[in-house]
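The residues making up each chain are set out below.
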Amino acid sequence: MIYGHDHDYFDATAVHAEAKGFQLADYCSVSRQAIFYPWGSSTEPAGVILAYNIGQDFADAASYVAVDLHDFFGASGEGFGGGCLSTDHRYAYLPARAKNIGAGVVANTLTVRYLTSAPISESSSWESFDVAALGLASTGWVTAVEWKGYVYYTPTRYLGPNVPHGQFLRYDTTQAFTSASAWSAYDLEANVNDRATGFQSIAAHGNYIYLIPFGVGESLLVRYDTTGVFTSAASYEVIDIATLPGGENVKGPTGGLFEGHQLVLVPWRDLSLPAGQQSMSVTAKYDTMRPLSSAAAWTFFNLTGVALTAKGYQFGWRDIYGSLYFVPTANFSIGTPPPFVLWRTANPFTAATSWRAYANPTSPSSTGAAYDPATDTAWLAPYGTEGNSGLITRIRTTRQPALKSPISPVYHFLFSLGELIVASGSGSLGLTLDAHLAGRVRSEYHSRTVTRLPQPRGLRTRALTTATINGQVYAKIWGVYCRTRVTYQAEVVTGRYSSLVRRLRATAYGSVYHKTVENQADVGET
């Protein structure tokens, strides 16, 4: 698929002077709003939450509602640790993190939630619970996830003394939010591993909750089995990612994205390094169908193989075309946010050709994004330097035409059907390309029959299916059989309508012993 991205911007401080320094954002399908959660700086926690009505003009301040949570919750209405939506989007949950009551930043113990079907600007839409009622030795949480009837809050740092802690907190959604009996906590540092502290992000899939390492140069990931007892050490498992081959530089990631059952960690920051070297570039992928401790379940890729400055990201999103995007935060070695990067998940994680990087000349440091799959639009949560930015970046995927040129553009792609174990018998393999053109083009098509595969021992091949390209496009396609893995390469050359090419999708398929597999790939311009 040939596509580009349109970026435009809106400064939320035009709505409210303190609408800046956000951490994370969500798209709510109930209210049809992009919600930006307040965070603030290390010395001035923020209290303004922002909602953008996505059906209205992005550039018009009247399309936004900004609410100062101090108006509802007094001095505790600030410094929340990001936020999350419930799986049904009925509620938004904001963890308690920090506040400044005039004597410096201290821990905040007030966690709140918002009923998304009600106006965000009305106090009746909000509830709160003071976690101090639980008598925990340490408090302070950032990010959360609602999963299987519970909201899980990520333990981070106990502000005031500013020490990391491991008080894993959860709320039972079947009970009243304001009821102390609905809340429970488990000290991971004391009961699971003394390094299980200071996290900054969380992810959930299947029966498991994943606490993603952050801390100071930390690489210890904790997994909780939700089928077990929350307060039992037997329900938890840990792995030090940095001890795995290739994982030595996976320290301080922030954000976990899922592609099917694959968990992808977003590289952010190793606080143990000198200031200018802290931005990380190695992303990790874990196959959740395999044991956590299995080295074979983990793969790694260094983003600098795509762009030398691709370091320092927080959170991200998966688009409707199957690409994972990392949100650019800060590359401290160059003093600016890194380029945008995305992984086309139909292609191998460890191949540089599976990734794309493009320049980020205008967007400020951002921390997460709200994404609406219906419009294929993302809104990045602005942070800036020490929470000084309210400049929201909107990203929309576009069908990008090839550049007009006397020489027709050439596109290449390479991807695999996966492992096809072949011993004897017959099988068939093929590849189809579909090009969708914009504007008026003739309905005629050109076709070529692709070449036969080399005859591998034990596999009887027949002529591969015809690759048909609509419009003025033709293809040269060849297949290569590599032991048990079948790989396709294609070179696509556009004709005189090249300036109108909008989308190109390739589908490979094969059948061996009545087992059919199919894979699609995006095509990138070279």
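Everything here concerns the structure above.
Description of the structure in this document. Keep in mind that this is a model prediction, so the values were computed, not measured.

1. A few points about the overall build of the protein chain
- Check the secondary structure of the protein chain and you find two helices and 41 strands.
- A fraction of 58% describes how many contacts in the protein chain between residues 6 or more apart in sequence connect residues 24 or more apart.
- A total of about 21,000 Å² of accessible surface is found on the protein chain, and carbon and sulfur atoms cover 50% of it.

2. What about the packing of aromatic side chains?
- Applying the stated criterion across every chain, the model contains 45 aromatic pairs.
- Between Tyr52 and Trp379, the aromatic rings sit 5.9 Å apart at their centres with planes inclined by 65°, giving edge-to-face as the arrangement. With Tyr52 in strand β4 (residues 48-53) and Trp379 in strand β31 (residues 377-382), this residue pair connects regions lying 327 residues apart in the sequence.
- Under the relative-accessibility criterion, Trp379 is labelled buried at 3%.
- Three or more aromatic residues joined by ring pairs make a cluster, and in this case those are Tyr91, Tyr93, Phe129, Tyr153, Tyr171, Phe177 and Trp183.

3. Points about the side chain of Gln278
- Along the polypeptide, Gln278 turns up in the loop between β23 (262-265) and β24 (282-287).
- Those residues in contact with Gln278, other than ones at most four positions away along the chain, are Trp268, Arg269, Asp270, Leu271, Leu273 and Phe332.

4. Structural notes on the layout of surface pockets
- Estimates place the volume of the largest pocket at around 1,100 Å³.
- At the level of elements, β2 (22-28), β6 (84-85), β12 (141-147), β18 (201-205), β22 (256-259), β26 (313-318) and β30 (366-372) are the ones that each hand at least two residues to the lining of the largest pocket.
- A volume near 960 Å³ is recorded for the second largest pocket.
- Taken together, 36 residues form the lining of the second largest pocket, with Trp39, Ser42, Arg269, Tyr383 and Glu386 sitting closest to its centre.
- Of the residues in the lining of the second largest pocket, the class split is 15 nonpolar, 17 polar and four charged.

5. Quick word on the environment of Gly206
- Within the secondary structure layout, Gly206 lies in the loop between β18 and β19 (208-212).
- Along the backbone, Gly206 and Thr226 are 20 residues apart, and their C-alpha atoms lie at a distance of 8.9 Å.
- The contacts of Gly206, once residues within four sequence positions are left out, are Trp147 and Lys148.

6. Side note on empty space enclosed by the protein
- What the rule picks out here adds up to one cavity of 30 Å³ or more.
- Lining of the largest cavity is provided by His5, Trp317, Asp319, Tyr325, Tyr371, Asp376, Thr377, Ala378, Ile395 and Thr397.
- Elements that contribute at least two residues to the lining of the largest cavity include exactly β31 and β32 (391-399).
- When the residues that make up the lining of the largest cavity are grouped by side-chain class, the tally is five nonpolar, three polar and two charged.

7. Describing the sheet that holds strand β3 (residues 33-38)
- With respect to topology, four strands assemble into an open sheet ordered β2-β3-β4-β5, the strand pairing being antiparallel. Strands at the two margins of the open sheet, each flanked by one partner only, are β2 and β5 (64-68). Between one strand axis and the next, the sheet turns through 15° on average, direction left out of account.
- Relative to β4, β3 is paired through four bridges, and the arrangement is antiparallel. The residue bridging Gln33 from the neighbouring strand is Asn53, located in β4.

8. Digging into unusual backbone geometry
- Despite not being glycine, Leu24 shows a phi value in the positive range, around 75°.
- Here Leu24 lies in strand β2.
- On the basis of relative accessibility, which here comes to 11%, the residue Leu24 falls in the buried class.
- Positive phi, normally seen in glycine, also occurs at Asp376, with a value near 50°.
- By relative accessible area, Asp376 is classed as buried at 7%.

9. So, the nonpolar core
- Ranked by internal contacts, the top residues of the largest apolar core, which has 19 residues, are Tyr37, Ile49, Leu69, Leu94, Val112, Ile120 and Trp126.
- Sorting elements by how many residues they give to this core places strand β10 (residues 110-115) first, with three residues.

10. Considerations on the pairing of β31
- Of all six residues making up β31, six are buried, and the element is well covered by its neighbours.
- A two-sided burial pattern is seen for β31, the buried positions comprising Thr377, Trp379 and Ala381 on one face and Ala378, Leu380 and Pro382 on the other.
- From the end of β30 to the start of β31, which pair antiparallel, there are four residues, and Asp376 there has a positive phi angle of about 50°.

11. Focus on the sheet that holds strand β21 (residues 236-240)
- The antiparallel open sheet is built from four strands, whose spatial order is β18-β19-β20-β21. Edge positions in the sheet fall to β18 and β21, since each of these pairs with one other strand and no more. Taking each pair of neighbouring strands and ignoring which way they run, the sheet shows an average axis angle of 20°.
- Of the strand pairs in this sheet, strand β20 (residues 220-225) and β21 are connected by five bridges, and their pairing is antiparallel. By the bridge assignment for β21, Leu220 is matched with Asp240.

Procedures and definitions
- Residues numbered from 1 in each chain as written.
- Predicted model: local features only at pLDDT ≥ 70, side-chain atom pairs only at ≥ 80, totals over all residues.
- Heavy atoms only, no water.
- Helix = DSSP H or I, 4+ residues; strand = E, 2+ residues; numbered from the N terminus.
- Contact = heavy atoms within 4.5 Å.
- Areas by Shrake-Rupley, 256 points an atom, 1.4 Å probe, with all protein chains shown as cover.
- Phe/Tyr/Trp six-rings, centres within 6.5 Å; stacked < 30°, edge-to-face > 60°.
- Buried < 20%, exposed > 50% of the residue type's maximum accessible area, 1.4 Å probe, protein only.
- 1 Å grid on protein atoms, 1.4 Å probe; cavity = no way out; pocket = protein on both sides within 12 Å on 5 of 7 lines; lining within 4 Å.
- Points joined across faces, edges and corners; volume = space filled by probe spheres on them.
- Nonpolar A, V, L, I, M, F, W, Y, C, P; charged D, E, K, R; others polar.
- Pairing = 2+ DSSP bridges.
- Axes fitted to C-alpha atoms, helices over the stretch in contact; angles between N-to-C directions.
- Core = buried A, V, L, I, M, F, W, Y, C linked by side-chain atoms within 4.5 Å.

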